[in-house]
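Notes for the structure review
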Amino acid sequence: MRYLMIVPLAMVFSCSDYLDVVPDNIPTIDYAFLDRRQAENYLASLFAFMPKTGSPTANPALLGGDELWFGDRTSGVNTDLWRYVARGVNMSDDPHPNYFASYLKDKDGNDSENPRGGEFLFTALRDCNILLENINKPYDLYSDTKNRWIAEVKFLKAYYHFWLLRMYGPIPLIKVNSSIDEPATAARESVDDCIDYIVHLLDTACVEDGLPEELASPMLEAGRPTVLIAKALKAQVLTYAASPLFNGNEIARADKQNNPLGQTYEKLFPVYDAQKWIRAKEALREALDLAHELEYRLYRFEDDMMIDTEEPGQTLLRQPTIDAMQVRGAVTVHQSVLGWNSELIWGDPRGCKEIHQSCIPLFGYQGGNTSSMGGGTIHHNYAPTLDIVEQFYTQNGLPIADDIEWQTSHASWTDKTETGLYSQRGIPDYKKYPDVGCLIVRGRENTNDTATAVLHFDREPRFYGAITFARARHYGVSLLMCLRDTSAYWDDQAIDWFGNFNFRNAERFPVTGYICNKLSSFLDMYPTEGSGFNIHVASGNPAPQKQDYPFPIIRLADLYLMYAEALNETGDKDGAIAYVDSVRKRTAIPGIVATWTSPASDGKVTDFDGVTRHDYDTKEGLRCIIRRERLNEFAFEGIRFWDLRRWMIAKTVLNKEIRGLNVPYKTLTNTSMPSDFYKPTKLWTMRFEDKDYFFPIKLSSIIKNANLLQSPHWK
């Protein structure tokens, strides 16, 4: 039996949200460890430092890349990290976010630093050490509980060090606390030393009497680390250690900074070592073996539906809808309604409220005004860029650039204009072609609303589960409809797509013309009325009920595809293909060999530079396939941002124009679809430089400590 981090972390004594609790009024260390209750409060404060992975304010991987775009006056979601990171204006004098920080007070008692959405992780690490130094003081703390707490704190130390390493490169290691009177002299330690220390912490946390394999009281303890979470994190850490960013990074090694200790980045970053992939592979295999032993499996949406009857006038779910829901369900389905998600190894129980309410399309009711639906709670402005819309595979399981058959039947991949990929194509009558109707709807009878972009046809199921577009059918939104594939209400949403944009409230609409629906739960509910084919949202602008879920940190599919990566890099091509195929199969995509030997393919894979082509069954070709599989599988989950960096292809991928459809958002008046809506429009030009592989350390910290090298290529 498996128990996942999917409800507020509550430990053993209450259901309070541990991740949001910092005990106040602890005047001395002795009092903090006076007894078990006080020590447990202190332990809760250590969990409270965990970065909020589902928050666009805290996690730069959500809004800091090229997956999503916003307008200058976006409301409902904090876009600071998009403004500073994605748009390339982050500065070392005030970095966004700042995790390389300590919590201090100035002479007036005010906070001396604004972390800009980050956390004071060096304070967290020192506080972790304080608990380890004082854990023997509580008179009523038994050895089994004490050993578990020690293991949990070691896990937190490992995770906080890893978060810093991933953001800043080699970092100072806070193994023990130094004297408070000692001047700031901390220096970065080598990448290899950082990795070894993090792995050591995780290994020692998993020893007997440390972290449990299972949680004895899952409803009270959910959120506390287990052996599987620690082993999965270790596997992720070692995969990063083997990847180009930390394994032979010549860009960082070329930085000429030095300090009084004689440190340079040439010494701190290692030369390439292929053996590191073997170490990663072994850690991934160990984590997967335990996950399978504990009955984790790739989530399958149909297992939760359990439909065996039909009601008059209704049609049960068709397979295309189920296929489209596989990954969306793996992210958003959770314990409180349908039971434990079989795939989620580690998630953030604080969820992703801001993101979630920005991914729910603004639905109208029949004959009503949609502009104020939901009492201001629905923003539908989480807008995927055209590059991400184009990135998903065709129904043949191939990138559009490599699918000869799709290009011949639809449009030339190279023509990304209103006369090519974005030209309009008539939609078949879904009453005659019901499977098409699961994903794209025709429009009202006797109208001309019967077309959408060529790009929207014959794509892989993950595309339809992740992207809402004009004429797309959005699955869910009512308990009466979540088990059905027929509803005039869904059709109205697709037809009134443009009219549903709220032009009267700043930018509560998608600036690219698309909405990310992957992060909206299909159990988000709107009050409905009507029956049969006439079900629609009840009149009177009823407020929806948002179904929260934990934001995923590590899914089983993540381990599968990291393992495939390690297998390919160590020469096991067949093993790598098998693990990629298991992920593709879950969403009804053909396997790698069947795909690249089909008539739709010439057996070649286009590299990320858009020019170089590899045979699919070579290490280079398979590497491209695995990477693209990760980008599609984990779109909008905050993984692409780090993957592009650790593979060191961000400079190739991210120096480009950001494009959207022609949404007339500047006028904020027109609520009808313009004739040139499907004209791709430049929204921004991204610039990614060598320095952007890591975040800058705040300049004031560099000035205070001469031993602390600024991040590579930052000034």
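Residues numbered from 1 in each chain as written. Predicted model: local features only at pLDDT ≥ 70, side-chain atom pairs only at ≥ 80, totals over all residues. Heavy atoms only, no water.

On to helix α7 (residues 191-205). In this model α7 runs 21 Å from its N-terminal to its C-terminal C-alpha over 15 residues, within 8% of the 21 Å that 1.5 Å per residue would give. Every buried residue of α7 is listed here: Val191, Cys194, Ile195, Tyr197, Ile198, Val199, Leu201, Leu202 and Ala205. Where α7 is buried, its residues contact α6 (143-168), α9 (227-242), α11 (265-268) and α12 (275-293). (Helix = DSSP H or I, 4+ residues; strand = E, 2+ residues; numbered from the N terminus. Expected span 1.5 Å × (residues − 1). Buried < 20%, exposed > 50% of the residue type's maximum accessible area, 1.4 Å probe, protein only. Contact = heavy atoms within 4.5 Å.)

This part takes up the layout of surface pockets. Estimated volume of the second largest pocket: approximately 660 Å³. Contributing to the lining of the second largest pocket are 24 residues, with Trp413, Lys416, Phe608, Gly610 and Arg628 lying nearest its centre. Taken together, the elements giving at least two residues each to the lining of the second largest pocket come down to α17 (386-391), α25 (619-633) and α27 (650-653). No other element matches α17, which puts 4 residues into the lining of the second largest pocket. (1 Å grid on protein atoms, 1.4 Å probe; cavity = no way out; pocket = protein on both sides within 12 Å on 5 of 7 lines; lining within 4 Å. Points joined across faces, edges and corners; volume = space filled by probe spheres on them.)

Per the stated rule, a full pass over the model turns up 8 cavities of 30 Å³ or more. When its volume is computed, the largest cavity comes out at roughly 220 Å³. Arg166, Ile553, Gly638, Ile639 and Trp642 are, among the 20 residues lining the largest cavity, the residues nearest its centre. Secondary-structure elements contributing two or more residues to the lining of the largest cavity are α6, α9, β10 (551-555), α22 (556-569) and α26 (640-646). Looking at the lining of the largest cavity element by element, the count peaks at 4 residues for α6. For the lining of the largest cavity, the residue count by class is 10 nonpolar, 4 polar and 6 charged. Approximately 170 Å³ is the volume found for the second largest cavity. Around the second largest cavity sit 18 residues that line it, and Val85, Gly88, Arg645, Phe688 and Asp692 are the ones nearest its centre. (Nonpolar A, V, L, I, M, F, W, Y, C, P; charged D, E, K, R; others polar.)

Time to look at unusual backbone geometry. The omega torsion of the bond from histidine 96 to proline 97 falls at -15 degrees, within 30 degrees of zero and hence cis. For aspartate 458, which is not glycine, the phi torsion reads 55 degrees and is therefore positive. Among the structural elements, aspartate 458 can be located in the loop between β5 (451-453) and α20 (461-466). Given the relative accessible area of 25%, aspartate 458 is considered partly exposed. The phi dihedral of arginine 471 falls on the positive side, at around 85 degrees, and the residue is not glycine. Take arginine 471: it is sitting in the loop between β6 (467-468) and α21 (488-495).

Scored by pLDDT, the protein chain has a mean of 84; 78% of the residues are at 70 or more. Of the regions scoring below 50 in pLDDT, residues 1-26 engages in 94 contacts with residues more than four places distant in sequence or in other chains. Counted against residues more than four places away or in other chains, residues 485-495, with its pLDDT under 50, gives 52 contacts. (pLDDT = per-residue confidence, 0-100.)

Another aspect to go through is the packing of aromatic side chains. On inspection of all chains with the given rule, the structure shows 26 aromatic pairs. Seen from their ring centres, phenylalanine 688 and tyrosine 693 are 4.9 Å apart, and the 80 degrees between their planes marks the pair as edge-to-face. For the residue pair phenylalanine 688 and tyrosine 693, the accessibility class agrees, reading buried in each case. Site record: aromatic cluster; members linked through ring pairs are Tyr99, Phe155, Tyr159, Tyr160, Trp163 and Trp346. Positioned over the ring face of tryptophan 163 is arginine 166, at 5.0 Å from the centre of the ring. (Phe/Tyr/Trp six-rings, centres within 6.5 Å; stacked < 30°, edge-to-face > 60°. Lys NZ or Arg CZ within 6 Å of the ring centre and 35° of its normal.)

Turning next to the nonpolar core. Most often, soluble globular proteins keep nonpolar side chains buried together rather than apart. In this structure, Tyr160, Leu164, Tyr168, Ile345, Trp346 and Leu559 are the most contacted members of the largest nonpolar core, which totals 132 residues. Non-local contacts of leucine 559, meaning those with residues more than four positions away in its chain, are made with Ala232, Leu284, Ala287, Leu288, Ile345 and Ile554. Grouped together as the second largest cluster of nonpolar side chains are 53 residues, Phe463, Leu661, Tyr678 and Met686 included. (Core = buried A, V, L, I, M, F, W, Y, C linked by side-chain atoms within 4.5 Å.)

Another aspect to go through is the packing of α6 against α7. Between α6 and α7, whose axes approach to 8 Å, the crossing angle comes to 155 degrees. The orientation of α6 relative to α7 falls into the category roughly antiparallel. Between α6 and α7 lies a crossing whose hand is left-handed. Along the contact surface, α6 presents Ala151, Lys154, Phe155, Lys157, Ala158, His161, Phe162 and Leu165, while α7 presents Cys194, Ile195, Tyr197, Ile198, Leu201, Leu202, Thr204 and Ala205. (Axes fitted to C-alpha atoms, helices over the stretch in contact; angles between N-to-C directions. Parallel < 35°, antiparallel > 145°, perpendicular 65-115°, else oblique. Left-handed = near helix turned anticlockwise from the far one by under 90°.)

What follows concerns the pattern of salt bridges. A side chain with one charge can pair with a side chain of the opposite charge if their charged atoms come near. Throughout the structure, instances matching the rule amount to 39 salt bridges. Its salt-bridge partner being lysine 276, residue aspartate 192 comes within 2.7 Å of it at the nearest N-O pair. Of this pair, aspartate 192 sits in helix α7 while lysine 276 sits in helix α12, and the two are 84 residues apart along the sequence. Between arginine 462 and glutamate 460 there is a salt bridge, with the nearest N and O atoms lying 2.7 Å from each other. A relative accessible area of 0% places glutamate 460 in the buried class. One continuous salt-bridge network, built from bridges that share partners, spans Glu343, Glu460, Arg462, Lys518, Arg555, Arg584, Arg586, Glu629, Glu633 and Glu637. (Salt bridge = Lys/Arg side-chain N within 4 Å of Asp/Glu carboxyl O.)

A separate point is the packing of α12 against α22. One can describe the packing of α12 onto α22 by two numbers: an axis separation of 9 Å at closest approach and a directional angle of 145 degrees. In this structure, α12 crosses over α22, and the sense of that crossing is left-handed. Together, Trp277, Lys281, Leu284, Arg285, Ala287, Leu288, Ala291 and His292 of α12 and Leu556, Leu559, Tyr560, Met562, Tyr563, Glu565, Ala566, Leu567 and Glu569 of α22 make up the contact between the two elements. Along the lines of polarity and charge, the residues of the contact of α12 with α22 split into 12 nonpolar, 1 polar and 4 charged.

Take the pairing of β10 next. With 5 of its 5 residues buried, β10 lies for the most part within the structure. Sheet topology note: the strand β2 (residues 344-348)/β10 ladder contains 4 bridges and is antiparallel. Its bridge partner being in β10, leucine 344 is matched across the sheet by arginine 555. (Pairing = 2+ DSSP bridges.)

This part covers helix α2 (residues 36-47). With 12 residues, α2 should reach 16 Å at 1.5 Å per residue; the first-to-last C-alpha distance of 17 Å fits that figure. The element α2 is extensively covered by neighbouring structure, given that 9 of its 12 residues are classed as buried. Turning to α2, its buried residues number three or more, namely Gln38, Ala39, Glu40, Tyr42, Leu43, Ala44, Ser45, Leu46 and Phe47. If you follow the buried residues of α2, they end up packed against α1 (29-32), α5 (121-134) and α6. Measuring from the backbone nitrogen of arginine 37 back to the side-chain oxygen at the start of α2 gives 3.3 Å, which picks out aspartate 35 as the cap. (Polar contact = N/O pair within 3.5 Å; in protein donor to acceptor, adjacent residues only side chain to side chain.)

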